[in-house]
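Letter by letter, the chains look like this.
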Amino acid sequence: MKKCLSALLACLLLLSLLTACSGQSAQTASAPETETSAETSVPAEDAPETAENTVDLSANTEVVEADMTPVTAEALAEGVYTAQAVSSSEAFRISSAKLLVDGGKILAVLTMENEDSSLLYMGSAAEAAAAGEDAAIKLVEMADGSHSFTLPIEALDESIPCAVLNAADGQWYDRTILLRADSLPASAFVPAVEEPAPEEGPAPEEEPAPAEEEPAPAVEEPAPAEEEPAPAEEEPTPAGAEPAPVGVYGAPAG
């Protein structure tokens, strides 16, 4: 009986030893595979830049639409408004815009999505390079941590040419900004003043028609004068006869 129990214990001990050895072999075999995976993985931020995520800094698109008409400060009521700003370049992104209309002028505060552009000049890139950084508008950090440019503008719905200094390469690039008038509320616009219609005066008096002229009376032709009868021819006095005596009034005496 004791021999059977000893044999059984020996078998159990041998089985446990075999199980432990097989587990260590499995761990050793899987270790290189884990190392290989760690060597081939690359963090996303360290991935090389490709053509898909690059931006052409010199590229610009048209921002003004064909049917747009400039809206100046005279057409706006004084106040502060939120407006939609459009940029001509993907490298110059504007997240929001505020307009301050006061005293016939418009001031725009453009909040940028990033700090890629550190300076803004109201003109072309060539003019900005010649004028120097002191003549440019600086990107300012606001109280909420955002970064903004504050610039005067002439009108909405009109292209605003400018140049920005790229912080990465220190080069000036031409840009165009547009502030859309249709993004403002209706209360931002001054009602159009209708010109009064001209007063209608009294109708002009019609001139009386000229009186018809009466026909001139026909001129009567004078009646022809009656011809006096020719005097009766006196009968010749027979020869040797005495002439009849003439009366007092020239009539023959009776």
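Refer to the preceding data block for the structure.
Residues numbered from 1 in each chain as written. Predicted model: local features only at pLDDT ≥ 70, side-chain atom pairs only at ≥ 80, totals over all residues. Heavy atoms only, no water.

Colleague: Before we move on, can you summarise the side chain of His147 with the specific residues and values?
Modeller: For His147, the location among the structural elements is in strand β8 (residues 147-153). Given a relative accessible area of 14%, His147 falls into the buried group. A polar side-chain atom of His147 sits 3.5 Å from a polar atom in the side chain of Glu115. Among all residues touching His147, those that are not within four sequence positions of it are Leu110, Thr111, Met112, Glu115, Leu139, Val140 and Glu141. (Helix = DSSP H or I, 4+ residues; strand = E, 2+ residues; numbered from the N terminus. Buried < 20%, exposed > 50% of the residue type's maximum accessible area, 1.4 Å probe, protein only. Polar contact = N/O pair within 3.5 Å; in protein donor to acceptor, adjacent residues only side chain to side chain. Contact = heavy atoms within 4.5 Å.)

Colleague: Got a sec to walk through the pairing of strand β5 (residues 117-121)? Specific residues and values, please.
Modeller: Buried residues dominate β5, accounting for four of its five residues. The sheet contact formed by β5 and strand β10 (residues 160-166) spans four bridges and is antiparallel. Directly across from Leu119, in β10, lies its bridge partner Leu165. Strand direction decides the pairing type here: β5 and strand β6 (residues 137-138), joined by two bridges, are antiparallel. Each residue of the ladder has a partner; that of Leu119, found in β6, is Lys138. (Pairing = 2+ DSSP bridges.)

Colleague: With reference to specific residues and values, describe the layout of surface pockets.
Modeller: Estimated volume of the largest pocket: approximately 150 Å³. Lining the largest pocket are Val55, Asp56, Ala59, Asn60, Thr61, Ser87, Ser88, Ser89, Glu90, Phe92, Arg93 and Ile94. Class assignment of the residues belonging to the lining of the largest pocket gives a composition of four nonpolar, five polar and three charged. (1 Å grid on protein atoms, 1.4 Å probe; cavity = no way out; pocket = protein on both sides within 12 Å on 5 of 7 lines; lining within 4 Å. Points joined across faces, edges and corners; volume = space filled by probe spheres on them. Nonpolar A, V, L, I, M, F, W, Y, C, P; charged D, E, K, R; others polar.)

Colleague: Break down the pairing of strand β11 (residues 172-180) for me, citing the residues and quoting the values.
Modeller: Most of β11 sits inside the fold, with seven of its nine residues counted as buried. Pairing analysis gives four bridges linking strand β2 (residues 79-87) to β11, with the strands arranged antiparallel. Across the sheet, the residue bridging to Gln84 is Arg180, located in β11. Taken together, the six bridges between β10 and β11 define a ladder with antiparallel strand orientation. Each bridged residue has a counterpart across the sheet, and for Pro161 the counterpart in β11 is Thr176. Hairpin remark: β10 followed by β11, antiparallel, with five residues in the connecting loop; positive phi at Gly170, about 70°.

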